[in-house]
Amino acid sequence: GKKLSAGQDLSIRPITNRNKEIIFSVLGDFCKDRWVLDLFSGSGSLGLEAISRGAEGVTFIENTSRSIEVLKLNIGQLSINSNLVRVIQSDVLDYIRRGEASFPLILADPPFKFLQMQILVNDICAYKVLAQKGVLMLHHEIDNPIKLKTEIYQVIKQKKVGRSHLSFIIQEGENV
């Protein structure tokens, strides 16, 4: 219920409250007591919401210095314990391809014009960044679709909201 800063230059497109409510309604208690990965974090809205809903902690991945400043400002304004957050400045695909850690919940809200959406989903699964029985939530524009099922993952739920999709993805052959 707290208002977050999004910066003044409009380079950060925070997810709408409506979409955030839909995401966490679908996830239910899934983020509780789990470490979450927030890709393309921007202002940190999704990851900070996960913390407010009981996540064990959040790793934020963001590439731009301006967004990192806003993210850190929001973390500070909410007085979040520093043990609950990791802020990493990195290109998202570079971070994923390092395969440093595996997460039970990944929240990804790339820019709508991000042209490597399918590569993003494939790499998250191929580099085992999504833990077994984990869920990837991807917010993407309808005009920038992903395959609903491949040999490595499947979309288990997809909600259309305006001109975007909220896709909930699991690794193929795993049950949530």
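Everything numeric here is computed off the predicted structure, so don't read it as measured data.

**Brief notes about the pattern of salt bridges**
A full pass over the atoms with the stated rule returns 6 salt bridges. Taking the shortest distance from any N to any O, the salt bridge between Arg53 and Glu49 comes out at 2.7 Å. Residue Arg53 is classed as partly exposed on the basis of its relative accessible area, which comes to 30%. Residues Arg163 and Glu141 are paired through a salt bridge, measuring 2.5 Å at the closest nitrogen-oxygen approach. Of the two residues, Arg163 is situated in the loop between strand 6 (153-161) and strand 7 (164-171) and Glu141 in strand 5 (residues 130-141); the sequence distance between them amounts to 22 residues. With relative accessibility at 53%, the residue Arg163 sits in the exposed group. Each of Glu21, Glu49 and Arg53 takes part in a single network of salt bridges with overlapping partners.

**Remarks on the nonpolar core**
With 27 residues, the main nonpolar core has Ile23, Phe24, Leu27, Val36, Ala50, Leu105 and Leu107 as its most contacted residues. Those elements that provide at least two residues to this core are helix 1 (17-27), helix 2 (45-52), strand 2 (57-62), helix 3 (65-77), strand 4 (103-108), strand 5 and strand 7. With residues near it in sequence (within four places) discarded, Leu27 still touches Leu105, Leu107, Val135 and Phe168. Formed by 26 residues, the second largest nonpolar core is a distinct cluster that contains Val92, Ile124, Val129 and Ile169.

**Some words on the sheet that holds strand 7**
Taken together, 7 strands build an open sheet; the order of strands is 3-2-1-4-5-7-6 and the sheet is mixed. In the strand order of this sheet, the two ends are held by strand 3 (85-89) and strand 6, each with one partner. Sheet twist, expressed as the mean angle between neighbouring strand axes with direction ignored, is 15°. Packing of helix 3 onto the sheet brings it into contact with strand 2 and strand 3, and relative to strand 3 it is tilted by some 170°.

**Regarding the side chain of Gln118**
Along the polypeptide, Gln118 turns up in helix 5 (residues 117-126). At 2.8 Å, the side chain of Gln118 and the side chain of Tyr153 are in polar contact. Setting aside its immediate chain neighbours within four residues, Gln118 contacts Ile146, Lys147 and Tyr153.

Parameters and conventions
Residues numbered from 1 in each chain as written. Predicted model: local features only at pLDDT ≥ 70, side-chain atom pairs only at ≥ 80, totals over all residues. Heavy atoms only, no water. Salt bridge = Lys/Arg side-chain N within 4 Å of Asp/Glu carboxyl O. Buried < 20%, exposed > 50% of the residue type's maximum accessible area, 1.4 Å probe, protein only. Helix = DSSP H or I, 4+ residues; strand = E, 2+ residues; numbered from the N terminus. Core = buried A, V, L, I, M, F, W, Y, C linked by side-chain atoms within 4.5 Å. Contact = heavy atoms within 4.5 Å. Pairing = 2+ DSSP bridges. Axes fitted to C-alpha atoms, helices over the stretch in contact; angles between N-to-C directions. Polar contact = N/O pair within 3.5 Å; in protein donor to acceptor, adjacent residues only side chain to side chain.

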